[in-house]
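Next come the chains, spelled out residue by residue.
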Amino acid sequence: MSDELLTSLLRDVSRSFYLTLRVLPRAVRRQVAIAYLLARTTDTVADTELVPVESRLEALSALRRRIMGEAGVALPFSQWRHGPPADPEQVLLTRCDESLQLLESVEETDRWRIRDVLKTIISGQELDLTRFAGATAQRIVTLESPPDLDDYAYRVAGCVGEFWTKICRAHLFPQAPIDDESLLDKGVRFGKGLQLVNILRDLPRDLRNGRCYIPRQSLVAANLAPESLLLPETAAHFRPVYDQFLDIAEQHLAAGWEYTEMLPRAQMRLRLGCAWPLLIGARTLRLLRKENMLDPVRRIKVSRREVHFLRLRSVVLYPWPSAWNGQFRKIQPTP
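The numbering scheme is per chain: residues are counted from 1 as the chain's sequence reads. Predicted model: local features are reported for residues with pLDDT of at least 70 only, side-chain atom pairs are reported and counted for 80 or more only, and whole-chain, interface and lining totals are derived from all residues. In computing side-chain properties, one takes all heavy atoms of the structure into account and sets aside hydrogens as well as water.

### Quick word on the overall build of the protein chain
Applied cut-off: Numbering of helices and strands runs from the N terminus, with a helix taken as a DSSP run of H or I at least four residues long and a strand as a DSSP run of E at least two residues long. Only C-alpha atoms enter the radius of gyration; for comparison, a globular chain is expected to reach 2.2 Å times N to the power 0.38, where N is the number of residues. For each residue, the accessible area found with a 1.4 Å probe, counting protein chains only, is set against the maximum for its type, and the residue is called buried under 20%, exposed over 50%, and partly exposed in between. We call two residues in contact when some of their heavy atoms are within 4.5 Å. Methods summary: accessible areas were calculated by the Shrake-Rupley approach with a probe of 1.4 Å, and residue burial reflects only the protein chains presented. The positive count covers Lys and Arg only, the negative count covers Asp and Glu only, and His and the chain ends enter neither. For the purpose of locating charges, the reference atoms are NZ of Lys, CZ of Arg, CG of Asp and CD of Glu.
Along the backbone of the protein chain there are 15 helices and 2 strands. Computed over its C-alpha atoms, the radius of gyration of the protein chain comes to 20 Å, within 12% of the 20 Å expected for a compact globule of 335 residues. Reported as C-alpha extents along the three principal axes, the dimensions of the protein chain are approximately 55 × 55 × 35 Å. By residue count, 54% of the 335 residues in the protein chain fall in the buried class. Long-range pairs, those at least 24 residues apart, make up 73% of the contacts in the protein chain with a sequence separation of at least 6. Just so you have it, the protein chain exposes about 15,500 Å², and 52% of that area is on carbon and sulfur atoms. In the protein chain, the 47 positive side-chain charges and the 41 negative ones have mean positions that sit 6 Å from each other.

Shown next as structure tokens:
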């Protein structure tokens, strides 16, 4: 069995996270890579639209049982032909058994940490599939309330902050004098913030798939219907509602930066691995405040050149704590 799955395949399915993964300390890199590889596999199962929702739910349930070590039945993914054999997401499915074997290669405590976070992630994916079953651009389904959005963000990303914190605490700085309760809370908010950035950025695409993550209660309060968000000219009317969720995302990312600052300064690799997605997320929020968030043609994202600059600058500034900390404040959206 090759660790190629943790290198070239992870690079192919998520170049951004792969760069973060490569900078992590060796003591936690393998465990985080395995968790992410399996999370990308379950995400691919949930998103494979050529397969009926019922079959995807059954496959997720079977995969969850395998991850938890509860069943040894063969998984059906070799029959899920939704792309060429060399397509990275197709490889994730056809080599799923190898990924599960990698899970068995880590020590028992870490294996249970990985299983715990994946169980929560899969619950969010199952909830999403059930909630949006039958949704189309002509029949848009919305979340009901802001707490529903917060719950979803926790299930698919906030729990990752918990996992990340626990595994890094155990392996990298077990004796450091840190307020664990505060660190865990900020770790959860870190994950939620990154997920909200993705949700707010991907709104036009999700709407055309019949999914609206902006809660119905928030839209009704502004006299808006989810169908009206398909029209780019609705942006001005929608802007106050949208900005409320940008504010929440910004506050979560700020908590994520506080999380990064709580980590021991000797953990440079870990702090950089946290800083990079936060800096990119903050920059994305700034763009979302200026651009038409409902435009389906122009996807709002930070350019590769700027991503490279943000990463390079964070490394250069690291020896100077004040300047390093100030880079996040400078990139936050202007109120």
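### Points about helix α6 (residues 96-103)
As a reminder of what qualifies: It is the directions from the helix axis to the C-beta atoms whose arc is reported.
Cys 96, Ser 99, Leu 100, Leu 102 and Leu 103 are the residues of α6 that are buried. Looking down the long axis of α6, one finds its buried residues gathered within 150 degrees of arc, a one-sided arrangement. Of the surrounding elements, those touching the buried residues of α6 are α3 (26-47), α4 (53-67), α5 (88-94) and α7 (108-131).

### Observations regarding the confidence of the model for the protein chain
Detail in the predicted coordinates should be disregarded across regions flagged by low pLDDT. Where we set the bar: Every residue gets a pLDDT, meaning the predictor's confidence in that residue, from 0 to 100.
When pLDDT is averaged along the protein chain, the result is 92; 95% of the residues meet or exceed 70. Least confident of the elements in the protein chain is α5, whose mean pLDDT is 84; most confident is helix α11 (residues 216-221), at 98.

### Things to note about the packing of helix α9 (residues 180-201) against helix α12 (residues 235-262)
Note the following rule: Every axis in this analysis is a line fitted to C-alpha atoms, fitted for helices over the stretch in contact. Angles between the N-to-C directions lie between 0 and 180 degrees. The scheme is simple: roughly parallel for angles under 35 degrees, roughly antiparallel for over 145, roughly perpendicular for 65 to 115, oblique for anything else. Put simply, a crossing is left-handed when the front helix is turned counterclockwise from the back one by less than a right angle, and right-handed when it is turned clockwise. Gly is put with the polar residues, along with every residue not named as nonpolar or charged; the nonpolar set is Ala, Val, Leu, Ile, Met, Phe, Trp, Tyr, Cys and Pro, and the charged set is Asp, Glu, Lys and Arg.
It is the contact of α9 with α12, at a shortest axis distance of 7 Å, that shows an interaxial angle of 140 degrees. By the criterion of interaxial angle, the relationship of α9 to α12 is oblique. Here α9 and α12 pass one another in a crossing that is left-handed. Considered class by class, the residues forming the contact of α9 with α12 number 15 nonpolar, 7 polar and 5 charged.

### Quick notes on the environment of Phe 328
Note on placement: Phe 328 falls in helix α15 (residues 321-331). Residue classification places Phe 328 among the buried positions, given a relative accessible area of 4%. For the pair Phe 328 and Ala 254, spaced 74 residues apart in sequence, the C-alpha separation works out to 8.4 Å. Excluding anything up to four places from it in sequence, Phe 328 contacts Leu 253, Ala 254, Trp 257, Leu 278, Leu 279 and Ala 282.

### Section: the pattern of salt bridges
Counted only if it meets this: Salt bridge, as applied in this entry: a Lys or Arg side-chain nitrogen positioned within 4 Å of an Asp or Glu carboxyl oxygen.
Applying the stated criterion across every chain yields a total of 25 salt bridges. For Arg 205, the salt bridge is made with Asp 202, and the minimal N-O distance between the two is 3.2 Å. By relative accessible area, which is 49% here, Arg 205 ends up partly exposed. The shortest N-O distance in the salt bridge between Asp 247 and Arg 289 comes to 2.6 Å. Linking Asp 247 in helix α12 with Arg 289 in helix α13 (residues 268-290), this pair joins segments that are 42 residues apart in sequence. Judged by relative accessible area, which is 32%, Asp 247 ranks as partly exposed. Here the salt bridges do not stand alone but share partners, grouping Arg 201, Asp 202, Arg 205 and Arg 299 into one network.

### A word on unusual backbone geometry
In this model, Asn 223 sits at a positive phi of 55 degrees, which is unusual for a non-glycine residue. If you trace the backbone, Asn 223 turns up in the loop between α11 and α12. A relative accessible area of 68% places Asn 223 in the exposed class.

### Some remarks on the nonpolar core
Formally: Think of a nonpolar core as a cluster: buried Ala, Val, Leu, Ile, Met, Phe, Trp, Tyr and Cys residues, connected wherever their side-chain atoms sit within 4.5 Å.
One finds Phe 77, Phe 173, Ile 214, Phe 238 and Leu 270 to be the most contacted residues of the largest nonpolar core, which totals 111 residues. The biggest single contributor to this core is α13, with 12 residues. In contact with Leu 270, not counting residues within four places along its chain, are Leu 24, Pro 25, Trp 164, Cys 168, Leu 172, Phe 173 and Leu 263.

### Overview of the side chain of Thr 41
With respect to the helices, strands and loops of the structure, Thr 41 is situated in helix α3. With residues near it in sequence (within four places) discarded, Thr 41 still touches Leu 63, Leu 92, Leu 93 and Cys 96.

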